[in-house]
Each structure stands twice: as C-alpha cells, then as structure tokens.
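Below, each chain spelled out in residue letters.
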Amino acid sequence: MRNRHIPQRSCVICGVKTSKRELVRIVMTPERECAVDDTGKRSGRGAYLCRQPGCWDSALRGGRLAAALRGRIEQRDQERLAEFAAGIRTAADTARIVG
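Every chain begins its residue count from 1, and numbering advances along the sequence as written. Confidence filtering applies because this is a predicted model: local features only for residues at pLDDT of at least 70, side-chain atom pairs given and counted only at 80 or more, and all residues used for totals across whole chains, interfaces and linings. In computing side-chain properties, one takes all heavy atoms of the structure into account and sets aside hydrogens as well as water.

Undergrad: So what about the overall build of the protein? Which residues, and what values?
TA: Segments assigned H or I by DSSP are reported as helices when at least four residues long, segments assigned E as strands when at least two residues long, and all are numbered from the N terminus. Scanning the protein for helices and strands turns up 3 helices and 5 strands. Along the protein, helices and strands appear, N-terminal first, in the series β-β-β-β-β-α-α-α. With the principal axes as the frame, the protein shows a C-alpha extent of 45 × 40 × 20 Å. Counted over contacts in the protein with a minimum sequence separation of 6, partners at least 24 positions apart contribute 47%. For the protein, the accessible surface area stands at approximately 6800 Å², while carbon and sulfur atoms represent 49% of it. Each charge class in the protein was averaged separately, 20 positive and 11 negative side chains, and the resulting centres sit 10 Å apart. We call two residues in contact when some of their heavy atoms are within 4.5 Å. Using a 1.4 Å probe, accessible areas were evaluated by the Shrake-Rupley method; residue-level cover was limited to the displayed protein chains. The charge count includes Lys and Arg as positive and Asp and Glu as negative, but it does not include His or the ends of the chains. A charged residue contributes its charge at one atom only: NZ of Lys, CZ of Arg, CG of Asp or CD of Glu.

The following block contains the structure:
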C-alpha cells in the first residue's frame, strides 16, 4: 500500500513548512483583488500564511505578503484580511483559555 502524497507549503512570514491544509492561502486574482482562498483553487498568484497571529500582524504591516503576491494590496483588501486575522486571533485566544 502506497502512502498518499501530502503537499507541503511554507508560511511567507515565519517560514514554517507544513501541510497545505494547515496554512491559509491568500490569492492575488488576475483582477488584482487580494483575498483569502478558502478552496485553495482560486485562479491567481498564491501565498501561504500560518495561523499564528504574529505572522498575520507582520504580513499586514510589512510588504512581504505583497511581495510574495507580486502586487499591491489595496486598502479594502487589507481591511478584509485584517478581519480574517482577527478571527484567527480570537480562535487562538479561546484555545489558550480552554487548553
């Protein structure tokens, strides 16, 4: 019986390498919209972030995410990504309290 191949990707901020499913894909579409790609199949240039709040903070503040996506992240897209990051931060805080 053959082991199934599990695709590996790296967080563009911290460099942690893990399975593609454990990371969040951000895509720059051909229409120059930057968004979270829940399906992992949207057309465009993709970059991956881990679920660590610090990585999201760095990605939204610095230019490394934009550089990885090879484009400029518009303010409205930046705000949507920040909302998504807030949800990740809330989930991390909840896990820390429960655990």
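That was the structure; now back to the text.
Undergrad: Explain the nonpolar core to me, using residue names and the numbers behind them.
TA: Ranked by internal contacts, the top residues of the largest apolar core, which has 24 residues, are Ile-26, Trp-56, Leu-65, Leu-69, Ile-73 and Leu-81. If you list the elements that add at least two residues to this core, you get strand E3 (24-28), strand E4 (34-37), strand E5 (45-49), helix H1 (53-61), helix H2 (64-69) and helix H3 (75-98). For this analysis, a nonpolar core means a set of buried residues of the types Ala, Val, Leu, Ile, Met, Phe, Trp, Tyr and Cys, connected via side-chain atoms within 4.5 Å. Residue burial is assigned from relative accessible area. The probe radius is 1.4 Å, only protein chains are included, and a residue is buried under 20% of its type maximum, exposed over 50%, and partly exposed in between.

Undergrad: So what about the pattern of salt bridges? Which residues, and what values?
TA: Any Lys or Arg side-chain nitrogen located within 4 Å of an Asp or Glu carboxyl oxygen qualifies as a salt bridge. Considering all chains together, one arrives at 5 salt bridges under this definition. Between Glu-33 and Arg-42 there is a salt bridge; the shortest N-O distance is 3.5 Å. Glu-33 sits in the partly exposed class, given a relative accessible area of 26%. Arg-80 is paired through a salt bridge with Asp-77; the nearest N and O atoms lie 2.3 Å apart. Within this pair, Arg-80 and its partner Asp-77 are both found in helix H3, separated by 3 residues, close to a single helical turn. Overall, Asp-77 belongs to the buried group, its relative accessible area being 0%. What you see here is one network of salt bridges that share partners, running through Glu-33, Arg-42, Asp-77 and Arg-80.

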